[in-house]
Amino acid sequence: MRTLVERLGELDAADFRVRGRTKHKASEIACMTICAQIAGATSFYDMHSYATEKLGWFRGFLKLENGVPSHDTFRRFWKHSAPARLNSIFMEWVDETCALADGDGIHIDGKCLRRAVTKLGKQPCIVSAYSSNERIVIGQVKTDEKSNEITAIPNLIDTLYLMGCIVTIDAAGCQKKIVRKIVDKHADYLISLKGNQSAMHDEIRELFETKFSDRATRFKTYEATQKGHGRVTKRTCCQTDYLEWFADRGKWAGLASVVMIDTECLKQKTGETTKDRRFFISSLPVNPKRALELAVSHWDIENPLHWTLDMVFDEDHSRASSGFAAENLAILRHLEFNLIRRDKVTEGGMSRKKKTMTWNEDKLLKALFAA
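For the structure given in this document, a descriptive report is provided here. Remember, it's a predicted structure, so these values are computed and weren't measured experimentally.

Right, let's get into the layout of surface pockets. Once rolled over the atoms, a probe with the size of a water molecule shows which space is left empty. The computed volume of the largest pocket comes to approximately 660 Å³. Forming the boundary of the largest pocket are 26 residues, of which R235, R278, V296, W299 and N303 lie nearest the centre. Those elements giving two or more residues to the lining of the largest pocket turn out to be β4 (166–169), β5 (188–193), β6 (220–228), β7 (231–240), β9 (273–282), α12 (288–297) and α13 (302–311). Its residues placed into classes, the lining of the largest pocket shows eight nonpolar, nine polar and nine charged.

Below, the structure is given as structure tokens:
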């Protein structure tokens, strides 16, 4: 397998700039950007300053015949470089370095880049797919500026290898077109249901609240209690494959069961109790324990990924917004996230590993050249 640095060499062949009139290779700009962002760079000025300070180290594995690019060169390159080639390199690298197992939960959700506001006053949104088992990002797409997640999710699914996996999405993904694409990929789904499908939501709520004499036969239930962070959370999952009442079930590809999850959270310090009830549609057979695990693990994309991007990679402090800059830098942050996740030697969590790679050049170099 090729190393990440070798893969980045593909950017040179796809460089949009005029051949013979460039001083810095696309692959070298990308490699310096990755290292700079791991070191905490959030602006193009930061990238230039970091590369200048590390010029001697970079020349140990990059030619850099014309020295370090200016901050304007960093900005222009990422502004005008179409993300398709970079995203393809990312996807090929993920496909070769990780193997998704049957039953792996693939969680899809969007995240806004809060300070990368466009000229139209909108925040770019990146829709990502995250693997629970591998704990890495396996793909991403940017929503169109005049659209939303509903149109981006099908495009993301088209790029992913999902055979045998279970896809979870919040209510934005509860669309017939999306579940059809998931089933066509030979995968299963568990998708949240809210007001965007109000009629089906009301019908499923009425189903679970109806008093059936044979309820124990038609509905299977599983309960789990979790303690931590000053809270005691009790979750009750109820699932059934009784769907004869649903006239439109044939329009939802693969639909095999519906799920209700009741959550009761007790704050131990104040004694305050909050309750929540959510409904889901699924292509999975009845197994409330597994359904609950998948619903809870969907938050893996919010906490281990989105929270880490904000708090460890300072994503919300990046103001790069013109052209393709926001999307390109978001792809690189996902790449860096995976790069650090793959490090099985350095102890500690993401923040500690990221700092260690910043301080220890040998460990960063090993990560860049790991096959």
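Before going further, it helps to examine the packing of helix α3 (residues 26–38) against helix α4 (residues 44–53). For the pair α3 and α4, interaxial distance at closest approach is 9 Å and the crossing angle is 100 degrees. Here α3 is positioned roughly perpendicular relative to α4, judged by the angle of their axes. For the pair α3 and α4, contact is made by M32, T33, C35, A36 and Q37 and by M47, Y50 and A51, respectively.

Strand pairing in a sheet takes place through backbone hydrogen bonds and is either antiparallel or parallel in direction. Pairing is mixed in the open sheet, where nine strands are placed in the order β3-β2-β1-β4-β5-β9-β8-β7-β6. The outermost strands of the open sheet, each flanked by one partner alone, are β3 (136–142) and β6. Across the sheet, the mean angle separating the axes of adjacent strands is 20 degrees when strand polarity is ignored. Pairing between β7 and strand β8 (residues 257–267): 10 bridges, direction antiparallel. Following the sheet pairing, V232 is matched in β8 by L266. Against the sheet, helix α8 (residues 149–159) engages β1 (105–112), β2 (125–131), β3 and β4, with an angle of about 45 degrees to β2. Along the sheet face, helix α9 (residues 176–184) touches β4 and β5 and points at about 160 degrees away from the line of β5.

Bringing helix α16 (residues 361–368) into the picture now. All of the buried residues in α16 are L364, A367 and L368. Down the axis of α16, the smallest arc covering the buried residues is 100 degrees, so these residues share one side. In α16, the exposed residues that point more than 90 degrees away from the buried face are D362 and K366. On its buried side, α16 packs onto α1 (4–8), α3, α4, α5 (55–58), α14 (325–341) and α15 (350–359).

What counts, and at which threshold
Residues numbered from 1 in each chain as written. Predicted model: local features only at pLDDT ≥ 70, side-chain atom pairs only at ≥ 80, totals over all residues. Heavy atoms only, no water. 1 Å grid on protein atoms, 1.4 Å probe; cavity = no way out; pocket = protein on both sides within 12 Å on 5 of 7 lines; lining within 4 Å. Points joined across faces, edges and corners; volume = space filled by probe spheres on them. Helix = DSSP H or I, 4+ residues; strand = E, 2+ residues; numbered from the N terminus. Nonpolar A, V, L, I, M, F, W, Y, C, P; charged D, E, K, R; others polar. Axes fitted to C-alpha atoms, helices over the stretch in contact; angles between N-to-C directions. Parallel < 35°, antiparallel > 145°, perpendicular 65-115°, else oblique. Contact = heavy atoms within 4.5 Å. Pairing = 2+ DSSP bridges. Buried < 20%, exposed > 50% of the residue type's maximum accessible area, 1.4 Å probe, protein only. Arc of directions from axis to C-beta.

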